[in-house]
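What the coordinates show
Okay, here's what each chain looks like letter by letter:
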Amino acid sequence: MKQAFIFDILTAFWTVTIFFILFCWLPIKTSLSDEREFCASQIVGIWSRTMLVAIAGVLGLSFLHLLNWLTLTLLYCCFLFSNYLESHGRRSQEYALRVGQKWLLGLIDVLDSGISFETIKKTASKSWQSVKYGANNALEAVARQGMLVVLSIAVVLSFACLLRWQYPLLELRFSHPDSYGSLLTTRQILSGYYPDTARLPVFPTIAAAISLLGSIEPMQVIRFLGAILGILMVLSLGYCLRVMAKNTYATLVAMFALGAYLFTWELTIPEAFPESIASWGMAIIETLNASQIRQWTGSELELGVIFVLLSIGYYFNTAKRHRRKAIFWLNLLCALLLVALTSPILLVLAIAASIGLIGGRRLALTAVSIAWVVLGVLAAIPQGEFSWAKNFLLTLPVGFSLLIGLLFLAIAESVSFILGKWSEQFCLALACALAVNFLLPLPPKCTYLEYEITARKSLELTQFFPRQSWTLVGPAEQLAEIYGSGWYEDLAQFVEKYSSKAEQAEFNFPISGEHLFIYVEKVPFVTFATEPEILPNSILSDRTYRYYRSSAGRASLEYEALQMCEAYRHNHPQSEIYYENEELRIYHFVA
């Protein structure tokens, strides 16, 4: 397990590196004609354009059954080249000619005299000096903000990283059921089978691009991409609030509220309240507690939140003279299109922000915050009249964070009559002290669907056995974990078909490939700590719930599977147990 943890850390680092290079560094490097013009609004515009092109390119190639490493690389290079032409204009030909001559002369020199150690040393020294120069400039820019701001940023990012990376690093299995659907869709895209979904699979598409260009296992990408989006959501909130409020300390407080997730509650509604109000309040509390897990799982909804915040901030952070340029409207359109593709209902917030064109940025920020919170609270009404606003309820912590930033501004301005210029620093210290002492998040109640070792062994099979040479029989989660690498059969259906035949000596399991692996849980996995007493017939009749979510149903299925495998193993001496521990036994049968 220690080796697995070290490998997971390296994989997480490589995933972050590939994401940063593909979607940030290379597009920015090729889009800026002058590095002195570098600013936050340009990063937002370039990133929005890059994400939309990547999504359209991957989905288009997958639909045409042309998606592979080579075609995606060529498409990406074409995009970078178009960025370069757009930013450098007429100077691009001259610059490209100079660069080409430089590389040609260098190549001739290498072919003539070979590569010496001194040449490598000089090249490495120049690269190091360039990196050192950029790092010094960044540190100087941060230092100009003041030591308190620097310390606060470090605290905010530390809490945000701890909350969003702790569980993904410790667990390979997913803590949110939707992640298995995202993984299955990602594998379908990579396999060339365009997924049959009602909406465009934006999150799996990004995961597929990172997996393909970074040579990373898709399950690992899904595992860590959610945590990356969680950090980006905190940064997007800070960017939007900084632009709209023009106050560094309010931005830090709001980022800390979302980064440290100060919205978990352990409350019970008194019985004196009417039943409708009690159920409404409990729905909000339970959603806030459950939304903590979404902070590191990520999906289309989190992407929609990121881009709606970025689009609002990008518009108001761009000077009027730059709004006349076509590139501004292209970047803004890309950001809004990404919101429409991921969570169209969030466009209501962009409409609410348009009030800033009349009343200023503060009024726009107030309108967005209030609209977010009100729609989220209304979506929790038991009657379901506002079920269309469910996405606002799921992302309610973001709306609360914006409100906290506004509340901090109001309190700091009120206290300024007493403390003067020290009012904001005092309120910042007070807010952090109260949060750290009373509002830190409760331990999340993760709903896992399998044992950790089950997920790791499924991943092991995909790496150690040739593609399409083996079949796995197990619960529904294993389909997403091995799709495209091996064949899959549902354990419940397999037991129903062959349990009565396994005792026959002449019977052989009909499988695809040479190897058959059957997962049997010696201790049936318990999905829910306490199962609900009353369930609708639609859930009770569902096969997945009956055999895998219900403790009694799963225990009965695993017992029958164990009897079937033992009977078959008795009549087939070449059979073996591939893996076994206290919880899981994996049978290996050879065709």
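Structural notes, computed from the coordinates. Quick caveat: nothing in here was measured; it's all calculated off a predicted structure. (Residues numbered from 1 in each chain as written. Predicted model: local features only at pLDDT ≥ 70, side-chain atom pairs only at ≥ 80, totals over all residues. Heavy atoms only, no water.)

Section: the overall build of the protein
Put simply, the rule is: Put simply, DSSP H or I for four residues or longer makes a helix, DSSP E for two residues or longer makes a strand, and each gets a number counted from the N terminus. Exposure is judged per residue with a 1.4 Å probe applied to protein chains only, and the accessible area is read against the type maximum: over 50% gives exposed, under 20% gives buried, and values in between give partly exposed. Contacts were defined at the residue level, with two residues in contact if any of their heavy atoms lie within 4.5 Å. The method behind every accessible area is Shrake-Rupley, applied with a 1.4 Å probe, and residues are considered shielded solely by the protein chains displayed.
Counting its secondary structure elements, the protein contains 25 helices and five strands. Here the protein holds 591 residues, and 47% of them are scored as buried. Contacts spanning at least 24 positions in sequence make up 73% of the contacts within the protein whose residues lie at least 6 apart. If you sum the accessible surface of the protein, you get close to 30200 Å²; carbon and sulfur atoms cover 65% of it.

Let's talk about the nonpolar core
Under the convention used in this document: Residues enter a nonpolar core if they are buried and are Ala, Val, Leu, Ile, Met, Phe, Trp, Tyr or Cys, with the set joined through side-chain atoms within 4.5 Å.
Among the nonpolar cores identified, the biggest contains 119 residues, and Trp47, Ile206, Ile210, Leu225, Leu309 and Trp372 are the most heavily contacted of them. Among the elements that line this core, the one with the most residues is helix 9 (residues 218-245), at 19 residues. Setting aside residues no more than four positions away along its own chain, Trp47 makes contact with Phe19, Phe23, Cys24, Leu232, Ile306, Phe307 and Leu310. Ranked by size, the runner-up nonpolar core spans 22 residues in total, among them Ala502, Tyr548, Ala561 and Met564.

Overview of a nonpolar patch on the surface
Rules: Patch building starts from residues that exceed 30% relative accessible area and form no salt bridge, then joins like charges within 9 Å and nonpolar side chains (Val, Leu, Ile, Met, Phe, Trp, Tyr) within 5 Å. A side-chain nitrogen of Lys or Arg and a carboxyl oxygen of Asp or Glu constitute a salt bridge if their distance falls within 4 Å.
There is a patch of nonpolar side chains on the surface, built from Phe417, Ile418, Leu419, Trp422, Phe426, Leu430, Leu434, Phe438 and Leu439 and spanning about 1000 Å² of accessible area. Of all the elements, helix 19 (residues 423-439) adds the most residues to the nonpolar patch, at five residues. Within the fold, Leu439 resides in helix 19. Judged by its relative accessible area of 35%, Leu439 falls in the partly exposed class.

Description of the packing of aromatic side chains
Our working definition: Pairing of aromatic rings covers Phe, Tyr and the six-membered ring of Trp, with a centre-to-centre limit of 6.5 Å; geometry is then stacked below 30 degrees between planes, edge-to-face above 60, and tilted otherwise. Two conditions define a charge located above a ring, namely a distance within 6 Å from the ring centre to NZ of Lys or CZ of Arg, and an angle within 35 degrees of the ring normal.
Inspection of the entire model under this criterion finds 28 aromatic pairs. Ring centres of Phe328 and Trp329 lie 5.0 Å apart, and the angle between their planes is 75°; on these two criteria the pair is classed as edge-to-face. The exposure class assigned to Trp329 is partly exposed, which follows from its relative accessible area of 45%. A centroid spacing of 6.3 Å and a plane angle of 80° characterise the contact between Trp470 and Phe517, whose relative ring orientation is edge-to-face. Residue Trp470 is found in strand 1 (residues 470-474), and its partner Phe517 is found in strand 3 (residues 515-521); the two are separated by 47 residues along the sequence. The buried category is assigned to Phe517, whose relative accessible area is 0%. One aromatic cluster is present, formed by Phe494, Tyr498, Phe507, Phe509, Tyr568, Tyr587 and Phe589 through successive ring pairs. Over the aromatic face of Tyr448 sits the side chain of Arg173, whose NZ or CZ is 3.9 Å from the ring centroid.

With respect to the pattern of salt bridges
Counting across every chain of the model gives 17 salt bridges. Among the salt bridges present, the one from Glu452 reaches Arg173, with a minimum N-O distance of 4.0 Å. Of the two residues, Glu452 is situated in helix 20 (residues 452-464) and Arg173 in the loop between helix 6 (147-170) and helix 7 (178-191); the sequence distance between them amounts to 279 residues. On the basis of relative accessibility, which here comes to 15%, the residue Arg173 falls in the buried class.

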